[in-house]
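Fold and geometry: a report
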Amino acid sequence: MKTVSGIPVFNGDAISNAHGVVIGKVFVQESERLGVAERTIPQDKIEDEIKRYRIAVNDARAEIESNRDTTSESLGQNLADIFEAQILILQDPRLLRETENLIRDKTLAAESAVAITHNAQIEIFRKLNNSYIAEKINDIRDIEKRVLRRLLGTRSESLRKLTEPVILLASNLTPSETANLDRNYIKAIVTESGGLGGHTAILAAALEIPCVVGCGNFLDNVKNEDTVIVDAISGLIILNPDEITIQKYQKIIKSGATRIENLDEWQNLEAITLDGTKIDIFANIEFPQETSNALQRGAEGIGLFRTEFLYLTQESDPTENEHFESYKRVAEAMQGKPVVIRTFDFGDDKESDRHSGNVNERNPALGLRGVRLALKRWQLFRTQIRAILRASIYGNIQIMFPLVSTVKEFRQARYSAVKEFMDELEHDEIPYNKKIKIGMMVEVPAAVVMLDHFAEISDFFSIGTNDLTQYVMASDRGNRNVSHLFSSSDPAVLRMIHAAVNIANQTQKPISLCGQLGGDPMKLAILLGIGLKSISCTPSSIPRIKQICRRINIDDCKRIAEKVLQFSNAADVQDYTIREMIKLIPDLMAKVI
Ligand code: PEP
Ligand code: MG
């Protein structure tokens, strides 16, 4: 018997309503490796080779379109959009051009050129070491495989024709593999890689298949037909369990505590607490195409648009017009609801050599990132701000600066940079919203402490609990060695949040919270008790957060918040909050814990 733990894909700060505990036989999905040796072609065959490449791309496109249509019919447009995004990558003019150039200039066979250009793209993403980007890598792999299969004439891989229900274990699943799963035969999915925002998680949730992702390497310890228990509520995988453990989990399954619940009815309701306090619930997005999902989940606005992902998914920077189109699209889709566009936040986990100027930093988290970088890269900043300003007439767009540490920085960003770019537009008679709101992320302890000063110059605040936790606890948010210190519900972090909310409320400046803590159903009462009336979270967390808001009252939240702010450690906060929430809303908590 061996246990492995991963990230459970269920509710709360996660993606799906599908969760549960299952016991079954293993089916290991072997990852397909399409080996491509470097092969050259004669000079006079170059044009034929390019033609062969284009046909392969067209065929791959037809295959993805068919996947998109089937998914759209069975799972809805939102999930079909994943394949829409794949079509965009497949047809990325730069990728096509670079591949054709390799065929032409280096007389490479099409498959060799494809392997090189796709690998180069993957390498760029891999350096970013970020879960969103991991998904993009997965997409590029999926696309590469399709094109290579066409060029090499290999058959399309498919899951073995299953005749009995199994638990599918895989290193990774591509979106098409997940979307094509036969849900009658797949009791659960467990993957070594992947994160909560990943496509496997999103699709597994839509298919209502219990799923655990990001388990790390474990497939060497398991083989087909082994028995496995998947606890997709806590993210625990038990390989080859003993009889006593099987009986224990059979009891849990029997008790019905794992039933699947539908939260759809909650997403269109307002988040109003029992005492009548309205809580604004916004969505965090990374790409414009996520807007429809955010709306469908009941977002009342976009509280955080992480725009750096627009840059990180291509090899050269987006032009002003490309930025503009992205922002206009989101603003129009949101129809007057707030859209908070955060200016690029490269650096640290979202590292990009291209933008940092290859500065080799010993402490990237404490280095040139966020607004610090923007103020050094004037042209990059100018391109983005001009685009945001131009798009501002199409909706309720607001600008937010990341990682602001000093009042001077905010002043420079707002009154030097943005002001100068506004003057340019004015001079060229290009329309923009002159009253556009400009605010900042509160994610550096110095900003919390000095928030009264910031209140004089910032139109609004949004607390970034991911970075705030990293900096308050001096614990790298991506380092497993210190992950025991990285807890956003540590009283030290909660006191910081409390201080920020107090100052914002005293100075009557709107304040929201957009870090991962905002999507955690267990911590919601603390946040409301601290005085927050606005939260921005992953779209999938919105229904559950709204549901809990409608079942609690602010006095209870205040009581819980006051208590936990006095605790000395995160574990006590956790225990106390769980107990109190179970007392208040036992039925809901049974589904969340
Ligand atoms: C945060 O730091 O909490 C935040 C929302 O920003 P990001 O996760 O993009 O750094
Ligand atoms: Mg941050």
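Residues numbered from 1 in each chain as written. Chains lettered and ligands numbered in written order. Predicted model: local features only at pLDDT ≥ 70, side-chain atom pairs only at ≥ 80, totals over all residues. Heavy atoms only, no water.

This part covers the coordination of the magnesium ion (ligand 2). The protein atoms that coordinate the magnesium ion (ligand 2) are Glu443 (OE) and Asp467 (OD), at distances of 2.0 to 2.2 Å. With Glu443 in the loop between strand 14 (437-442) and helix 17 (445-449) and Asp467 in helix 19 (residues 465-472), this residue pair connects regions lying 24 residues apart in the sequence. (Donors = N, O, S within 2.8 Å, 3.2 Å for Na, K, Ca; no water. Helix = DSSP H or I, 4+ residues; strand = E, 2+ residues; numbered from the N terminus.)

Here the focus is the environment of Val26. Mapped onto the elements, Val26 comes out in strand 3 (residues 21-29). Classification of Val26 as buried rests on a relative accessible area of 2%. In the structure, Val26 is positioned 141 residues away from Ile167 in sequence and 4.9 Å away in space, judged by C-alpha atoms. If near-sequence neighbours (up to four positions away) are discounted, Val26 is found in contact with Ile167, Leu169, Val222, Lys223, Asn224, Glu225, Asp226 and Val228. (Buried < 20%, exposed > 50% of the residue type's maximum accessible area, 1.4 Å probe, protein only. Contact = heavy atoms within 4.5 Å.)

Attention shifts here to helix 8 (residues 243-254). In this model helix 8 runs 16 Å from its N-terminal to its C-terminal C-alpha over 12 residues, within 8% of the 16 Å that 1.5 Å per residue would give. Its buried side turned inward, helix 8 meets strand 3, strand 7 (227-231) and strand 8 (236-239). (Expected span 1.5 Å × (residues − 1).)

At Glu429, a position not held by glycine, the phi torsion is positive, near 55°. Relative to the elements of secondary structure, Glu429 occurs in the loop between helix 16 (407-427) and strand 14. A positive phi angle, near 50°, is found at Ala474, a position not held by glycine.

Looking now at the pairing of strand 8. Across 4 bridges, the pairing between strand 1 (residues 2-5) and strand 8 is antiparallel. If you follow Lys2 over to strand 8, its bridge partner there is Leu239. Examined bridge by bridge, strand 7 and strand 8 share 4 bridges and lie antiparallel to one another. Residue Val230 lies in a different strand from strand 8, and its bridge partner there is Ile237. The antiparallel hairpin formed by strand 7 and strand 8 contains 4 residues in its connecting segment, where Gly235 sits at a positive phi of about 80°. (Pairing = 2+ DSSP bridges.)

None of this, on its own, says anything about what the molecule does.
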